[in-house]
Amino acid sequence: VRAIRVDPGRLRLVGWGFGGLAAGAVAGICAVAVASAMAAGRSAATDKDVGRLIDVGHLPPLLRLPAERVTLRFNVFCPAPGDDPFGGAPCDAGGDVFVRTGRSGPFRQLPLRRTDDVAEGRYAVSVPAEVAASPDGFSYYAVLRNEATGTSITVPSGGAAAPQLSLPLEDAVVVDLGSHVFGSTRRADARLVSAIWGTAPGEVGLVRGPSFGPIGPSAFDVASNGDVSVLDQANGRIDRWRGGRVAAVVPVDVTGGIADMAVEADGSIDVLEPTPELRSFDASGQLLSTAPIEDRTWSQLREGAEGPEVQQEPSEQWMPVRRGLVPLAQAAQARGGHPGRTLAGGRELVVFRTGVSEARVAEVAGAHVTRAWRITSATPLGEVQLAEPLGNRVVVVVRPYTETQDEFLVLVLGDRGVERSFSVDSADWAETAPLARFRLVGSSLYQLGSTPSGMHVDRFDLEVNR
Amino acid sequence: MSLLRPRVAFLAAFAAALGLVAAKAALATFVSANCNYNAPTWSPNMYRDGSVTVALVARYEGYHWGGGCWNDNDVDEGPNEPLQTYSTGGEGGDCSGLTFKVWRESLNTGDGGHYQWGRLRNVHGPYAAADFKAGVGVPNATYPKADAIVMDAFASSTHIGMVYQRGTSGADQIVEAKCEACGTNIFTRTYRSDSSYGGVRRMGWTG
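Residues numbered from 1 in each chain as written. Chains lettered and ligands numbered in written order. Predicted model: local features only at pLDDT ≥ 70, side-chain atom pairs only at ≥ 80, totals over all residues. Heavy atoms only, no water.

### Some points on the overall build of chain A
Okay, so step 1: Summing up its helical and strand segments, chain A has 3 helices and 38 strands in all.
Okay, so step 2: In terms of C-alpha radius of gyration, chain A reaches 29 Å, well past the compact-globule figure of 23 Å for 466 residues.
Okay, so step 3: Once the C-alpha set of chain A is aligned to its principal axes, its extents read approximately 115 × 60 × 45 Å.
Okay, so step 4: Residue burial in chain A is summarised as follows: out of 466 residues, 57% are buried.
Okay, so step 5: Taking all contacts inside chain A whose residues are at least 6 apart in sequence as the whole, residues at least 24 apart take part in 51%. (Helix = DSSP H or I, 4+ residues; strand = E, 2+ residues; numbered from the N terminus. Rg over C-alpha atoms; globule rule 2.2 N^0.38 Å. Buried < 20%, exposed > 50% of the residue type's maximum accessible area, 1.4 Å probe, protein only. Contact = heavy atoms within 4.5 Å.)

### Digging into the layout of surface pockets
Okay, so step 1: The computed volume of the largest pocket comes to approximately 990 Å³.
Okay, so step 2: Taken together, 33 residues form the lining of the largest pocket, with Val222(A), Val263(A), Glu303(A), Leu440(A) and Val441(A) sitting closest to its centre.
Okay, so step 3: Taken together, the elements giving at least two residues each to the lining of the largest pocket come down to strand S15 (219–222), strand S19 (260–263), strand S23 (297–304), strand S28 (341–342), strand S32 (381–390) and strand S36 (438–441) of chain A.
Okay, so step 4: By residue number, the principal contributor to the lining of the largest pocket is S23(A), which donates 4 residues.
Okay, so step 5: Considering only residue class, the lining of the largest pocket consists of 14 nonpolar, 7 polar and 12 charged.
Okay, so step 6: The space that makes up the second largest pocket amounts to roughly 730 Å³.
Okay, so step 7: Taken together, 31 residues make up the lining of the second largest pocket; nearest its centre are Leu59(A), Ala119(A), Glu120(A), Thr354(A) and Gly355(A).
Okay, so step 8: Sorting the residues of the lining of the second largest pocket by element identifies strand S3 (71–77) and strand S29 (348–354) of chain A together with strand S7 (160–166) of chain B as the ones contributing at least two each.
Okay, so step 9: Here the residues of the lining of the second largest pocket are counted per class, giving 13 nonpolar, 8 polar and 10 charged. (1 Å grid on protein atoms, 1.4 Å probe; cavity = no way out; pocket = protein on both sides within 12 Å on 5 of 7 lines; lining within 4 Å. Points joined across faces, edges and corners; volume = space filled by probe spheres on them. Nonpolar A, V, L, I, M, F, W, Y, C, P; charged D, E, K, R; others polar.)

### Description of the state of the cysteines
Okay, so step 1: Under the counting rule described, the total for this entry stands at 3 disulfides over all chains.
Okay, so step 2: Each sulfur in the disulfide pair Cys78(A) and Cys91(A) lies 2.0 Å from the other. With the S-S dihedral at roughly 85 degrees, the linkage between Cys78(A) and Cys91(A) falls on the right-handed side. Of this pair, Cys78(A) sits in the loop between S3 and strand S4 (93–101) while Cys91(A) sits in the loop between S3 and S4, and the two are 13 residues apart along the sequence. Grouping residues by exposure puts Cys78(A) and Cys91(A) together as buried.
Okay, so step 3: Taken N- to C-terminal, the disulfide-bonded cysteines of chain B are connected 1-2, 3-4.
Okay, so step 4: No disulfide involves Cys95(B); its nearest neighbouring cysteine sulfur is the one of Cys179(B), lying 11 Å away.
Okay, so step 5: A relative accessible area of 1% places Cys95(B) in the buried class. (Disulfide = S-S within 2.5 Å.)

### A short note on the sheet that holds strand S34 (residues 407–414) of chain A
All names here are of chain A.
Okay, so step 1: Spatial ordering of the open sheet is given by S32-S33-S34-S35, a layout of 4 strands whose pairing is antiparallel. Edge strands, defined here as strands with exactly one partner in the open sheet, are S32 and strand S35 (417–425). Within this sheet the neighbouring strands show an average axis-to-axis angle of 20 degrees, counted without direction.
Okay, so step 2: Bridging between S32 and strand S33 (residues 393–400) involves 7 bridges; their strand directions are antiparallel. By the bridge assignment for S33, Ala 387 is matched with Val 396. (Pairing = 2+ DSSP bridges. Axes fitted to C-alpha atoms, helices over the stretch in contact; angles between N-to-C directions.)

### Quick word on the packing of aromatic side chains
Okay, so step 1: Enumeration according to the criterion identifies 12 aromatic pairs over all chains in this entry.
Okay, so step 2: Ring geometry for Phe100(B) versus Trp117(B): centroids 5.6 Å apart, planes at 40 degrees, classification tilted. Here the residue Phe100(B) occupies a position in helix H4 (residues 95–102), and Trp117(B) occupies one in the loop between strand S4 (115–116) and helix H5 (129–134), the gap between them amounting to 17 residues.
Okay, so step 3: Of the residues examined, Phe100(B) reaches a relative accessible area of 0% and is grouped as buried.
Okay, so step 4: Since its relative accessible area comes to 8%, Trp117(B) is described here as buried.
Okay, so step 5: Three or more aromatic residues joined by ring pairs make a cluster, and in this case those are Phe98(A), Phe107(A) and Tyr141(A). (Phe/Tyr/Trp six-rings, centres within 6.5 Å; stacked < 30°, edge-to-face > 60°.)

### Points about helix H3 (residues 48–58) of chain B
Residue and element names in this part refer to chain B.
Okay, so step 1: Of all the 11 residues making up H3, 11 are buried; the element is thus mostly covered by neighbouring parts of the structure.
Okay, so step 2: Buried within H3 we find Arg 48, Asp 49, Gly 50, Ser 51, Val 52, Thr 53, Val 54, Ala 55, Leu 56, Val 57 and Ala 58.
Okay, so step 3: Residue Tyr 60 follows H3 closely and has a positive phi angle near 70 degrees.

### With respect to the interface of chain B and chain A
The extent of an interface is frequently quoted as the accessible surface area lost upon association of the parts.
Okay, so step 1: Contact with chain B, which involves 71 residues of that partner, is made by 82 residues of chain A.
Okay, so step 2: Both sides together, the interface formed by chain B and chain A hides about 6,200 Å², and carbon and sulfur atoms give 58% of it.
Okay, so step 3: When the buried surface of chain B facing chain A is broken down by residue, Asp49(B), Thr168(B) and Ser193(B) rank first, second and third, together holding 12% of it.
Okay, so step 4: The interface formed by chain B and chain A contains 3 salt bridges.
Okay, so step 5: Asp49(B) is paired through a salt bridge with Arg122(A); the nearest N and O atoms lie 2.5 Å apart.
Okay, so step 6: In this structure, the connection of chain B to chain A is made through 23 residue pairs in polar contact (both at pLDDT 80 or more).
Okay, so step 7: Those elements giving two or more residues to the side of chain B that touches chain A turn out to be helix H1 (4–26), H3, S7, strand S8 (172–179) and strand S9 (183–189) of chain B.
Okay, so step 8: Considering only residue class, the side of chain B that touches chain A consists of 32 nonpolar, 22 polar and 17 charged. (Buried area = accessible area lost by both parts, 1.4 Å probe. Salt bridge = Lys/Arg side-chain N within 4 Å of Asp/Glu carboxyl O. Polar contact = N/O pair within 3.5 Å; in protein donor to acceptor, adjacent residues only side chain to side chain.)

See the structure below:
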């Protein structure tokens, strides 16, 4: 048997090494623990105060039939009182509605009552019959409170300076669509843009993931000369198409999220980002301004007579976001809120989709309805994708749907009702901004569509005299 | 020299161990650094508007595929994650994870109970969007889209979002964890009229 001889010096060296490893590990663990505790403290310190959390859901009755009783309903979302603010109980909320006839004069304060109807809004107030019956309609705003913490929210956000307006429809033209017949869609008169998915010039970006559907170019717009601008947010650019080809590629600094877009007459570009903010670029893509919008959510962007306007929620008002080159502060946006899209001459076009299958559209001047249409259907109607004046008519695009089918229905409305209508394939394989699938320019309607192979922009000539 | 060598060995080993621990800590994700696996608490009552607040806390906290853990500081602490990557451990839920938590569901698909999961509880739940669309699980059922109200949902084979409020245009405000670039928030969507989406109702609401 050979004896194993150990060099004491080498053994000591190994011992020192193990000691160093142990000491280093202990020191590292301690340092990480201290750092984590400090980070956790910072994280906790920066958490929001849950007591300040409050939001509201409200569907304003913008356009009412004369016989309709008017109950204003609100859902107030805030933490429940007590030790378990997220335990599933509703919060202890309350509030007041301030209402007046027409658009001027003093407001009457009406306290909200709590109900069991969370579907339409747990907090409700009946508008007094004499106010609701006014031919000038009524205007109102609500201040909603978390009674436990005192936190409040005003809707619409402009409050008394820009209250919501509810108008009676005395002489609406009734348009009864009956049951929608799916599958009889019109072919487009021209395909102006056709691009496959990709990143190269002439291609458009597609984003898809395992937990969200395909998202393609989220918006487009058409210039008066027929040039089509496509917001290719996934590739960070706007593609300008002319004569079926890409005429220009304009890089823009966008988030890549689903955004709406409008192109102004001078070629400058407004992109409404999900952040939510309006980014304005010159025609070459240079960022000119950024303006956070007033409310938490937007639904659409359009160019008004004096600049871009955004329909915002929960106010459910169109608000100016920029005047000329000057972005408006959020408070100024709120003060400029109004129920409809601004038209020439100070008029507005108000849209109110209600119930399962009805849409109401009215031209409004001052606080008076000058023309109105009440569109009813035996088939459920989804969103009103577009409502635009066309000479002395109004073009409306609604979306009949069932559980398994959907199409767009284009209506050209005149003083006597529907002058022309046709169905359009929804062509919605890839998602866009919610109300950005159609644009009306001149007497043509343009549609942004998509299939698994790519996207396209089609033109439908409405064949009516302006 | 003989005295110096053990000290060098000690310092070298100390530095190596410290470096390894620091490197491991540096690789910590939002989930590993912040989230827990605590048991949920059962709630007798579950109101639609009461549950909305769970979703409101998740706003601005980001999106993480397969995830279900977030704090409440309005900052996405796991931004710009690659698609379909769970291992990055970022902040936020994905669409079905958010729905699971807001709807207070159980890991047991046969249990319709009301379970409150803390925001820092890392849980996704057993359902993908397609499961919700098909009404899989005791508490979930398909439902006519036209009748969907606050805290019902619209689900496709790949996505689900919960109804917050229908708007005057007829489009819905939807609270959802949408995508990495979109985050978790309230967005206006047209899922109701989109035939690739179906209606889903979580059964068992108190009111």
